[in-house]
Amino acid sequence: MLSPLYLLFVIVAVVFIWLLRQTVDVKPWVEQRSVESVPSGASFQVPAAKVGLGVFLAVATSLFALTVCAYFIRMMAGDWRTFVFPSVLWLNTGMLVLSDVAMRSARAAARRSEIERVRLGLAAVGLCSFAFLVGQFWAWQQLNASGFFGGAGAGGAIAASPANSFFYLFTALHGAHVLGGLWFWAATTSRAWRSTELARIRTSVELCTVYWRYLLLVWLVLLALLVPAVSELCRGRFLA
Amino acid sequence: MVAVAHDESAYAPPAEVEEVELHHPHTFIGKYVFSQDAKWIGIQYGVTALAIGLVGLLLSDLIRLQLGFPNAFSFINPSNYLQFVTMHGLIMVVYLLTALFLGGFGNYLIPLMIGARDMVFPIMNMLSYWLFLLAVLILVASFFVAGGPTGSGWTLYPPTAILPGTPGSNWGIILTLISLAVFIIGFTMGGLNYVVTVLQARTRGMTLMRLPLTVWGIFTATLLALLAFPALFVSALMMLLDRTLDTSFFMPALVLKGQHLEYGGGNPILFQHLFWYFGHPEVYIVALPAFGIASDLIATHARKSIFGYRMMVWAILIIGGLSFIVWAHHMFVSGMNVYFGFFFATTTLIIAIPTALKVYNWVLTLWRGNIHFTVPMLFAIGFVFIFVNGGLTGLYLGNVPVDVPLSHTLFVVAHFHMVMAVAPVLVFFGGIYHWYPKITGKMLDETMGKIHFWITFVGAYCVFFPMHYLGFLGVPRRYYAMDALRTIPESAQGLNAEISIAALTVATVQLLFIFNVIWSYFKGKPAGGNPWRATTLEWQTAHTPPEHGNFGEHLPVVYRWAYDYSVPGAKEDFIPQNQPPAGAAAASHG
């Protein structure tokens, strides 16, 4: 019960310290600092796109965290049944791990200025990520075809049990974020193919690497929550 | 009066700020339709929000016609009455106020006020507007589908929102949910821009503590919106699945006309939690920009530095933080653990402290100021009155034992209209009268402006003040007819008729405002670059209206905070932020 409050205090403390470092404690009406001593207008010494990605990840985290909260609350109802796990999910997870590895190898190559290897890495990322999405879609099909749930309504497997509904919701939300990532991956890849000017490619690849690591982490959390043993453990704790 | 003790010898010629690449379109479509210039996007946002806001205003008149003169108008029936109530609320809160303050004022003012050429991600900024327009069109489309728009109340509570019997439960609710989702995706694109631009694109010398409070308000409100809207997004998605694919996220087991529905086990209270986790920060998403703009209007038109600038900044941040841990005060009547009620009542009442600090600071800024009763100033002072009024009733409703009997009465309607409808709208008008000269190069007509202010301000009191009494009498909100409620005295009807007449008058005078905006564009007095003799950077541009890129060849350099008004010993009663101290005049590029 108290842990969210601790987390809140930590967040507040971090924000507070950051604001102090940003001169939010000075008296601007008597401030003596010259223009020269202010390094530049920016709050972070990184490209704006990196800050933008950071803010976006905060938004996405808010979205996934709230969805997971909803999952926990819905779990407490009497009609909860354990999720029947389509086996293809393990293969998909492997694909996402591979895409993350490929992304990191592309980043390493970009740092070493090896454009050929960057292109190779990016191609592998695209291949694995598309394979992941196709695999997720296949998992939806598997659930629909599994026949575990007779008499499902208009929605088929998605409405067959609350855990199923959340599985579709989780995978759809996560999949949409993968698709969004692929949009930027496409831009980065086409740039890497068209030019050999590495400075801009390097930044794009770095941003994609952070995003792919984020996609992997979110997927691992969502997957873990769906694993029957974990979901039963959570449910037991909430009901106790 | 504050003595400004700048050390003049400390200034040296500043270094250049890194220049950004700007997109320079040459076609009409590139410049005015798919524009990437934040100023033009701001105008697009503002006009679209105002257009849909007029629909919201019209709907409120239809509501008032029925309440003031029951059954006198045959085209209003119980079903479309509920649809008017719902659409009025949704349009005003989300599509008018949020879009106007963040999309409109945010886009126009942020780059100009912080000394940037444009937003940092212009293409995404453009997409943000087009998605907003799409969201508005989808919402408008719901008026024309079979069954009409949803009539479930702006909170869209399940299960009623998607059950047959509720107006618009067919296509209306589906389109509304889709429209909200599109709005949120679009807003996120814009919001990323506002936040990152404020963080990364400030001109040299513009530290956070030199930002005008308008920017602080919009910046903090955007952060709230970015973190709160996902709750509405995911709940809209889940309800959409409940409605279209028979999932049971929110829908409990139900028997309708003797038939068991497909639903079972869902949790309607879960929706309320998610909705209000968004819904309460939403109040401050609207209020914080209004706080910021009001502060700047009051300081500029009272020719005085804002009182307690640091306190104002910290208050904005603290209000923003607290707004995330008060949401369940909207759910006291939904049933909750008493300790939860205690917790949320306490956090709610704590918000009164930073809010009251802000009010005191506005009043202390006015105290012994050289007050110019210009139209923007009238609206800003009007805002302080209305906001205090609405804030005080918030203290009533924040307490569980007071809230429970007053819930679902017109007292609540009076409270939230005062605090988050009329108050921000007054600031919005003040803002338009203040910045219109910069946007168009022409002054808005002052006589029309004053008529507009007085009728709107007095009218708003005539509409919402008596509503508190009706609330005490137990008059419920959202009811089409009160005939069957024998507990309500007949005199309540007289008051209801009075409210309706006032509401129609206030609505009519808004046409004068629109006329003024159009008339002054062609016939208004030329404004010059800085008609209010203000200090902030948007008034120091080389051209009015500012051209693409805002600041000509060189970005301004900021030497001081935004409130150097009536500085003792200064030549004029204002010193622009980019004016170097006397000894360093040669160093200025501004």
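Not measured: the values here are computed from a predicted model.

## Quick look at the overall build of chain A
Part 1 of the reasoning: When its secondary structure is counted, chain A shows 7 helices and 0 strands.
Part 2 of the reasoning: Beginning at the N terminus, the succession of helices and strands in chain A can be written as α-α-α-α-α-α-α.
Part 3 of the reasoning: In chain A, 82% of the contacts between residues at least 6 apart in sequence involve partners at least 24 apart.
Part 4 of the reasoning: Accessible surface computed for chain A: about 11,700 Å², of which carbon and sulfur atoms make up 70%.

## Digging into the overall build of chain B
Part 1 of the reasoning: A tally of regular secondary structure across chain B gives 15 helices and 2 strands.
Part 2 of the reasoning: Here chain B has a C-alpha radius of gyration of 24 Å; the compact-globule value for 590 residues is 25 Å, and the two agree.
Part 3 of the reasoning: Within chain B, the proportion of its 590 residues that are buried is 63%.
Part 4 of the reasoning: Sequence separation of at least 24 residues holds for 80% of the intrachain contacts in chain B that already meet a minimum separation of 6.
Part 5 of the reasoning: If you sum the accessible surface of chain B, you get close to 21,600 Å²; carbon and sulfur atoms cover 69% of it.
Part 6 of the reasoning: If you average the places of the 25 positive and of the 26 negative side-chain charges in chain B, the two averages end up 5 Å apart.

## Things to note about the confidence of the model for chain B
Residue and element names in this part refer to chain B.
Part 1 of the reasoning: In this model, chain B carries a mean pLDDT of 92, and residues with pLDDT of at least 70 account for 95%.
Part 2 of the reasoning: Residue range residues 585-590 is modelled with pLDDT below 50. Its contacts to residues more than four positions away, or to other chains, number 13 contacts.
Part 3 of the reasoning: Both scores are given for the predicted complex: the pTM is 0.93, the ipTM 0.92.

## Some details on a nonpolar patch on the surface
All names here are of chain B.
Part 1 of the reasoning: Taken together, F307, M311, I350, I353, L357, Y360, L364 and W367 make up a surface patch of nonpolar side chains, about 800 Å² in accessible area.
Part 2 of the reasoning: If you tally residues by element for the nonpolar patch, the top one is helix 10 (residues 352-366), at 4 residues.
Part 3 of the reasoning: Summarising the element assignment, M311 is placed in helix 8 (residues 309-322).

## Side note on the packing of helix 7 (residues 268-301) of chain B against helix 13 (residues 410-440) of chain B
Residue and element names in this part refer to chain B.
Part 1 of the reasoning: In contact at an axis separation of 9 Å, helix 7 and helix 13 are set at 45 degrees when each is read in the N-to-C sense. One finds that helix 7 runs oblique with respect to helix 13. The chirality of how helix 7 crosses helix 13 is left-handed. Here E282, V283, V286, A290, I293, A294, L297, T300 and H301 of helix 7 lie close against helix 13, whose contacting residues are M420, P424, V427, G430, G431, H434 and W435.
Part 2 of the reasoning: Of the residues in the contact of helix 7 with helix 13, the class split is 10 nonpolar, 5 polar and 1 charged.

## Quick look at the packing of aromatic side chains
Residues and elements named next belong to chain A.
Part 1 of the reasoning: Scanning the entire structure with this criterion turns up 74 aromatic pairs over all chains.
Part 2 of the reasoning: Judged by centre distance (6.3 Å) and plane angle (45 degrees), the ring pair of F56 and Y211 falls under tilted. Highlighted residues: F56 in helix 2 (residues 48-75) and Y211 in helix 6 (residues 198-226), separated in sequence by 155 residues.
Part 3 of the reasoning: According to the relative accessible area criterion, F56 is partly exposed, its value standing at 23%.

## A few points about the side chain of B:S128
Residue and element names in this part refer to chain B.
Part 1 of the reasoning: Relative to the assigned elements, S128 resides in helix 4 (residues 122-141).
Part 2 of the reasoning: Looking at S128, its side chain comes within polar contact range of the side chain of Y45, at 2.6 Å.
Part 3 of the reasoning: Excluding residues within four positions of it along the chain, S128 makes contact with Y45, G186, M189 and G190.

## A word on the pattern of salt bridges
Part 1 of the reasoning: Across all of its chains, the model carries 13 salt bridges over all chains by this definition.
Part 2 of the reasoning: Note that A:R117 is salt-bridged to A:E114, the shortest N-O span being 3.6 Å.
Part 3 of the reasoning: Judged by relative accessible area, which is 52%, A:R117 ranks as exposed.
Part 4 of the reasoning: A salt bridge links B:D564 to B:R560; the nearest nitrogen and oxygen atoms lie 3.1 Å apart.
Part 5 of the reasoning: Within the structure, one salt-bridge network assembled from shared partners comprises B:R303, B:R533, B:E572 and B:D573.

## Section: helix 9 (residues 338-350) of chain B
Residue and element names in this part refer to chain B.
Part 1 of the reasoning: With 13 residues, helix 9 should cover 18 Å at 1.5 Å per step; its first-to-last C-alpha distance of 18 Å lies within 8% of that length.
Part 2 of the reasoning: Listed in full, the buried residues belonging to helix 9 are G341, F344, A345, T347 and T348. Within helix 9, the buried residues cover an arc of 165 degrees as seen down the axis, which keeps them to one side. Set apart from the buried face of helix 9 by more than 90 degrees, the exposed residues are Y339 and F342.
Part 3 of the reasoning: In this structure, the buried side of helix 9 is in contact with helix 10, helix 11 (375-398) and helix 12 (400-406).
Part 4 of the reasoning: In this structure N337 caps helix 9, since a side-chain oxygen of it lies 2.8 Å from the backbone nitrogen of Y339.

## Remarks on the nonpolar core
Part 1 of the reasoning: Ranked by internal contacts, the top residues of the largest apolar core, which has 256 residues, are B:Y95, B:F183, B:W216, B:M238, B:Y309, B:W362 and B:F383.
Part 2 of the reasoning: Considering each element in turn, this core owes the most residues, 23 residues, to helix 3 (residues 78-114) of chain B.

## Concerning the environment of B:T247
Part 1 of the reasoning: Looking at the secondary structure, you find B:T247 in the loop between helix 6 (213-245) and strand 1 (255-256).
Part 2 of the reasoning: It is 8.6 Å that separates the C-alpha atoms of B:T247 and B:G266, two residues lying 19 residues apart in sequence.
Part 3 of the reasoning: Not counting residues up to four positions away in its chain, the partners in contact with B:T247 are A:I158, A:A159, A:S165, B:M238, B:L241, B:D242 and B:Y263.
Part 4 of the reasoning: Side-chain polar atoms of B:T247 contact the side chain of B:D242, separated by 2.5 Å.

## Some points on the environment of B:R486
Residue and element names in this part refer to chain B.
Part 1 of the reasoning: Relative to the elements of secondary structure, R486 occurs in the loop between helix 14 (446-472) and helix 15 (491-523).
Part 2 of the reasoning: With a relative accessible area of 78%, R486 lands in the exposed category.
Part 3 of the reasoning: When the C-alpha positions of R486 and G68 are compared, they lie 18 Å apart, and in sequence the two are 418 residues distant.

## Some details on the confidence of the model for chain A
Part 1 of the reasoning: Averaged over chain A, the pLDDT score is 86; the fraction of residues at 70 or greater is 89%.
Part 2 of the reasoning: No element of chain A has a lower mean pLDDT than helix 1 (residues 3-21) of chain A, at 77, and none a higher one than helix 3 (residues 88-111) of chain A, at 96.

## Some points on unusual backbone geometry
All names here are of chain B.
Part 1 of the reasoning: A cis amide bond, omega 0 degrees, links P158 with the succeeding residue P159.
Part 2 of the reasoning: For P159, the position within the fold is in the loop between helix 4 and helix 5 (171-200).
Part 3 of the reasoning: The residue after T544, namely P545, is reached through a cis peptide bond having omega -5 degrees.
Part 4 of the reasoning: Its place among the elements puts P545 in the segment after helix 15.
Part 5 of the reasoning: Here the phi dihedral of R478 falls at roughly 65 degrees; this positive angle occurs in a residue that is not glycine.
Part 6 of the reasoning: Look at R478 and you get partly exposed, because its relative accessible area is 26%.
Part 7 of the reasoning: For S566, which is not a glycine, the phi torsion comes out positive at approximately 50 degrees.
Part 8 of the reasoning: Within the secondary structure, S566 sits in the segment after helix 15.

Conventions used here
- Residues numbered from 1 in each chain as written.
- Chains lettered and ligands numbered in written order.
- Predicted model: local features only at pLDDT ≥ 70, side-chain atom pairs only at ≥ 80, totals over all residues.
- Heavy atoms only, no water.
- Helix = DSSP H or I, 4+ residues; strand = E, 2+ residues; numbered from the N terminus.
- Contact = heavy atoms within 4.5 Å.
- Areas by Shrake-Rupley, 256 points an atom, 1.4 Å probe, with all protein chains shown as cover.
- Rg over C-alpha atoms; globule rule 2.2 N^0.38 Å.
- Buried < 20%, exposed > 50% of the residue type's maximum accessible area, 1.4 Å probe, protein only.
- Lys, Arg positive; Asp, Glu negative; His and termini not counted.
- Charge placed at Lys NZ, Arg CZ, Asp CG, Glu CD.
- pLDDT = per-residue confidence, 0-100.
- Patch = residues over 30% accessible without salt bridge, like charges linked within 9 Å, V, L, I, M, F, W, Y side chains within 5 Å.
- Salt bridge = Lys/Arg side-chain N within 4 Å of Asp/Glu carboxyl O.
- Axes fitted to C-alpha atoms, helices over the stretch in contact; angles between N-to-C directions.
- Parallel < 35°, antiparallel > 145°, perpendicular 65-115°, else oblique.
- Left-handed = near helix turned anticlockwise from the far one by under 90°.
- Nonpolar A, V, L, I, M, F, W, Y, C, P; charged D, E, K, R; others polar.
- Phe/Tyr/Trp six-rings, centres within 6.5 Å; stacked < 30°, edge-to-face > 60°.
- Polar contact = N/O pair within 3.5 Å; in protein donor to acceptor, adjacent residues only side chain to side chain.
- Expected span 1.5 Å × (residues − 1).
- Arc of directions from axis to C-beta.
- Core = buried A, V, L, I, M, F, W, Y, C linked by side-chain atoms within 4.5 Å.

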